[in-house]
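Architecture at a glance
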Amino acid sequence: MTTADTTPTAAPQPLGEVLLSVQGLVKHFPIRRGVLQRKVGAVQAVDGLTFDVRQGETLSLVGESGCGKSTTGRLLTRLLEPTGGSVTFDGHDISHISNGKMRPLRRDVQMIFQDPYSSLNPRHTVGRIVGAPFKLQKVETEAGTKKTVQDLLELVGLNPEHYNRYPHEFSGGQRQRIGIARTLALRPKLIVADEPVSALDVSIQAQVVNLLEDLQDELGLTYVMIAHDLSVVRHVSDRVAVMYLGKIVELADRHNLYETPMHPYTVALMSAVPIPDTKRRTERERIRLQGDVPSPINPPPACRFHTRCWKAQEICKTTEPPLVDLAPRHQVACHFPENQDAVVGSRG
Amino acid sequence: MITYIIRRLFAAVVLLFVVSVITFSIFYLVPRLIGGSAESLATRYVGRAATAETVKVTTERLGFNDPIYVQYANWAKGVAIGTEYDYGAGVEQCPAPCLGYSFITRQPVWPDLLDRIPVTLSLAAGAALIWVTFGVSVGVLSALRRGSVFDRAAMSVSLAGVSLPIFFTGLVCLSFFSYKLGWTAPGGQFVPVSENPAKWAYAMVLPWITLAFLFSAQYARLTRAGMLETMNEDYVRTARAKGLPEKTVVVRHGLRGALTPILTIFGLDLGLLLGGAVLTEKTFSLNGLGKYAVDGIIANDLPKIMGVTLTAAFFIVMASLVVDLLYAVVDPRVRK
Amino acid sequence: MTEIAEHSYRPGTEKPTSFLDVRDLRVHFPTDDGLVKSVDGLTFRVDRGKTLGIVGESGSGKSVTSLSVMGLHHGGSAKITGEIFLDGEELVGASPEGVRLLRGQKMAMIFQDPLSSMHPYYTIGYQIVEAYRIHNDVSKKAAYQHAIEMLDRVGIPQPDKRVHDYPHQFSGGMRQRAMIAMALSCDPELLIADEPTTALDVTVQAQILDLIRDLQKEFNSAVIIITHDLGVVAELADDILVMYAGRCAEYGSADDIFREPQHPYTWGLLGSMPRIDRERSERLLPIKGTPPSLINVPSGCAFNPRCTYCDLTGGRSTSERPELIDVGHGHRVACHLTRDQRDQIWRDDIQPKL
């Protein structure tokens, strides 16, 4: 749980209202086998997440493939129904509500997808794609749909005159802008962006990252970013949750996380990021994790990271470390955290 | 892998059961639902000239007054383990699979079918061999030489093949090759392969070619599309990067990937044909299942139609079972 | 040292000096919409034991370059001119069969997506054995033994069992290791890695980059690594070639490229990347616009519509194509800005903001 901190180490920010609250969120996908298709196990994609997202902030979920970050995104937007736990958005518990009841809330929660091409219908014009939310939600626009759509296109840096063009006539970056324009049509409160820039070229990535930041400032949006690129995450986030095999192993303010990462997995992740500077080739101290992420079908017991952790002791195999505040606004789930002396704070 | 096979087998059995229920319903239940009485069903067995009394007795004897599930059970029992029939002229044994008696000839249907299956089987198997070899080769060459004269010619011919009906191409072939040139046998001279293979082939070659022409065209187009796709796959590029000769790249890597969908269609096509290639059999006067069914339809001889329907369904279910099993052999990702 | 050759050479007059010597390579594809100049006059060299990083965005021609070196554009519609010398042997004019025999044997390649790059219907072992037996006359059994050794060498646990697995039974990282094992099975002297880690997780990426580095030392091969990620080349490359619209924008040693980049496009790439090793900047500095269509490359300097400093060249950048000019110890730049202008812009405008 995020607790209100008393001694902020980083620049204190005014905390917004809690917009989205996640409590013990679980999603297991059953695996069926054999002649009778009995349930023999489950992919434990998401296994007990608890966090809050506050109005106006950007929370990022980072981790490697199989850590459950994309599943989490789909749970938050209620594209999937959770197996356990709850998701509360703006005071409404949306964990198990029907599609019909979710519908009005969909205006407020929108999603941006990774692949800017496959998420746009190739047979529809840009105007129709961006205007679709108005039609679906039967929203009357003040100036007429066309005008509103053109304003949206302009807002995301596209030429409004391209209203009648088709997605294939645009480059990858522009398609992602179209996707963003559609997302913004109904002025949502929360946007869940699943790898919004990872399919784009480097120079275009920066354009889209800047656009997302500008839109947040201008429209007061709240973002949940799902990404694997730690450099991009650092740039865009206020807070970051590092996930490993369906659990949050570390959740902290951006500054704390990147300056004093405490979970060994976070440390390893950061040291693995390649850096565009040859000087670092010799200077950097590297931590190389062995092997791959274990399967979420049969995750290691207790601390799920113990099979790859260089600090693992007996206790890590038997007792699961709880996610607790080891420093102000810095939660870690580890028995032997790193950088502990570097922060002012106490266990517990 | 073993659970996969068991599940497929199980599915095939269930499918056969469902098919039998549907077939039974079409022939026995639907006439009742649209207003026919038990007597009107019985009338078909004894003829219109029969007295009301005979009809009534027959109705009772054939069990048309029983509840529908009892009727199904009796019928299914006949198919599975055989039964006895009594039309009033004494009890007749009808061994399994008992598909009933023809209204017209009063002969059991199953021995008739047994006579005709070899004809249809010869036709389908021979044609299939030709069309797979020919269609796939043309498709592969077309794909490799996309846009060439060969490709365009092959695709135009295959368009014709897909569009021209059997009775047209068949008759043209007959009149030209048999009647004019005398190279092949005219229709209706089936000789079992066990008796004289040469004569068998001589009689069948024209029907084979005619039927294969239609299917080759389809398979050439299908193979071409599949090959165009797989030859652009990353793994084909890898195969080339390894330094494999182009022939190996095409056959072992490209074609292998393109064959899977063709296999599916092939299984279903073959299964369908085994149930009777109606037009071809009719055109070449071959006494196969298809012609048998058509004769049954014309004479309103329900047991014949039903017999062929069930046999055809059986072949299709078996074919798709074989396809499913082959799929697991071809694509390791299917085995689970 | 790998270094770029003089651009003003006469074809066929100079003997190749490096293990791989590519001169004035042009790869053009005629299409219905016009001529696509994917690669348009590229010259570079790589020696054994050295690594060249080719960096560029999608459509810059970097992958086309590598496929041309491998001879994988043969037989297609591509028009290839220029010269490619591999160990003294010219490849562009060579017979396709001759080049095929070199593929896999003398030069090998690994690709971006190891799942789609391996045939789903054959076992890993079969695919390695296939590659090995084309170029080596050995029994199947011996070839499988070799495949197991290769899998062991690239760090796959229980190689004698995993050799019979299918690609879908491997994890992403393991698949890329298997792909590397396959590429190295014939002990090639040139290894081309096309975005070898783009599809992988960051911790696995680090493992694979380490593996490539170690294997290069062991095999003493020449390596070309093609990527869009400046971080990846910084880890591996001795020299870096920055490509833009089918041409070389900047070329130099990795140290020069990262410490004193000279081309505005290289600055743009560096400014676009958020950096985990520096103070967080408030804003990224993207390159404006989008990469050009290769059918309609802007006249003059292809980068001019996206270049912030285009106006400082007195109109030359829109009318005249900049030549690749040496600015000292092999560092070459194709830009109309003067040396002083570039030094000043880098010092005052760019470096402080990175």
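What to know about helix α1 (residues 62–69) of chain C
Residue and element names in this part refer to chain C. Counting buried residues along α1, seven of its eight residues qualify, which places the element largely inside the surrounding structure. What α1 keeps buried is the set Lys62, Val64, Thr65, Ser66, Leu67, Ser68 and Val69. Positioned one or two residues after α1, Gly71 has a phi angle of 75°, which is positive.

Considerations on the sheet that holds strand β12 (residues 330–332) of chain A
Residue and element names in this part refer to chain A. Strand order in the open sheet formed by eight strands is β6-β7-β8-β3-β9-β10-β12-β11, and the pairing between neighbours is mixed. The sheet is open, and its two borders are formed by β6 (109–112) and β11 (324–327), each paired with just one other strand. Ignoring strand direction, the axes of neighbouring strands in this sheet form an average angle of 25°. Note that strand β3 (residues 58–62) and strand β8 (residues 222–227) share five bridges and pair parallel. Its bridge partner being in β8, Leu61 is matched across the sheet by Ile226. Across the face of the sheet, helix α1 (residues 69–76) comes into contact with β3, β6, β7 (190–194), β8 and β9 (239–244) while running at roughly 150° to β8. On top of the sheet, helix α9 (residues 264–272) reaches β9 and β10 (247–253); it is set at about 100° to β9, its chief contact.

Let's talk about the interface of chain C and chain A
The partner chain A presents 40 residues to the 49 residues of chain C that form the contact. On inspection of chain C and its partner chain A, the count reaches four salt bridges. Here Glu213 of chain A ties to Arg280 of chain C by a salt bridge, and the two come within 3.7 Å at their closest N and O atoms. Linking chain C to chain A there are 18 residue pairs in polar contact (both at pLDDT 80 or more). Counting only elements with at least two residues in the side of chain C that touches chain A, the list comes to α6 (172–184), α7 (202–219), α8 (230–236), α9 (254–259) and α10 (264–272) of chain C.

Structural notes on unusual backbone geometry
Residues and elements named next belong to chain C. Phi is positive for Gln158, which is not a glycine, with a value near 50°. By secondary structure assignment, the location of Gln158 is in the loop between α4 (140–153) and α5 (159–162). The backbone of Asn220 shows a phi angle near 50°, a positive value even though the residue is not glycine. Looking at where Asn220 falls in the secondary structure, it is placed in the loop between α7 and β8 (222–227). Taking the relative accessible area as the measure of exposure, Asn220 reaches 41% and is therefore partly exposed.

Remarks on the side chain of Ser122 of chain B
Residues and elements named next belong to chain B. Along the polypeptide, Ser122 turns up in helix α5 (residues 109–144). Among the residues examined, Ser122 registers a relative accessible area of 9% and is labelled buried. A polar side-chain atom of Ser122 sits 2.7 Å from the main-chain carbonyl oxygen of Pro118. Apart from residues lying up to four places away in sequence, Ser122 is in contact with Phe190, Trp200, Met204 and Trp208.

Some details on the interface of chain C and chain B
On the chain B side, the residues contacting the 24 residues of chain C number 21 residues. Between chain C and chain B lies a buried interface of about 2200 Å² when both sides are counted; carbon and sulfur atoms form 58% of it. Among the residues chain C hides against chain B, the three largest losses belong to His119, Tyr121 and Glu130 of chain C. Together they make up 30% of the total. Remark: the boundary between chain C and chain B carries two salt bridges. For the salt bridge of Arg252 of chain B with Glu130 of chain C, the shortest nitrogen-to-oxygen distance reads 3.1 Å. Our count for the chain C to chain B interface comes out at 16 residue pairs in polar contact (both at pLDDT 80 or more). Secondary-structure elements contributing two or more residues to the side of chain C that touches chain B are α3 (124–135) and α6 of chain C.

Quick look at the confidence of the model for chain A
Regions with low pLDDT should not have their predicted coordinates read in detail. A residue-level look at chain A finds 91% of positions with pLDDT of 70 or above and a mean pLDDT of 86. Below a pLDDT of 50 lies the segment residues 1–12 of chain A, which in the model reaches 14 contacts outside its immediate sequence neighbourhood of four places, other chains included.

Analysis parameters
Residues numbered from 1 in each chain as written. Chains lettered and ligands numbered in written order. Predicted model: local features only at pLDDT ≥ 70, side-chain atom pairs only at ≥ 80, totals over all residues. Heavy atoms only, no water. Buried < 20%, exposed > 50% of the residue type's maximum accessible area, 1.4 Å probe, protein only. Helix = DSSP H or I, 4+ residues; strand = E, 2+ residues; numbered from the N terminus. Pairing = 2+ DSSP bridges. Axes fitted to C-alpha atoms, helices over the stretch in contact; angles between N-to-C directions. Contact = heavy atoms within 4.5 Å. Salt bridge = Lys/Arg side-chain N within 4 Å of Asp/Glu carboxyl O. Polar contact = N/O pair within 3.5 Å; in protein donor to acceptor, adjacent residues only side chain to side chain. Buried area = accessible area lost by both parts, 1.4 Å probe. pLDDT = per-residue confidence, 0-100.

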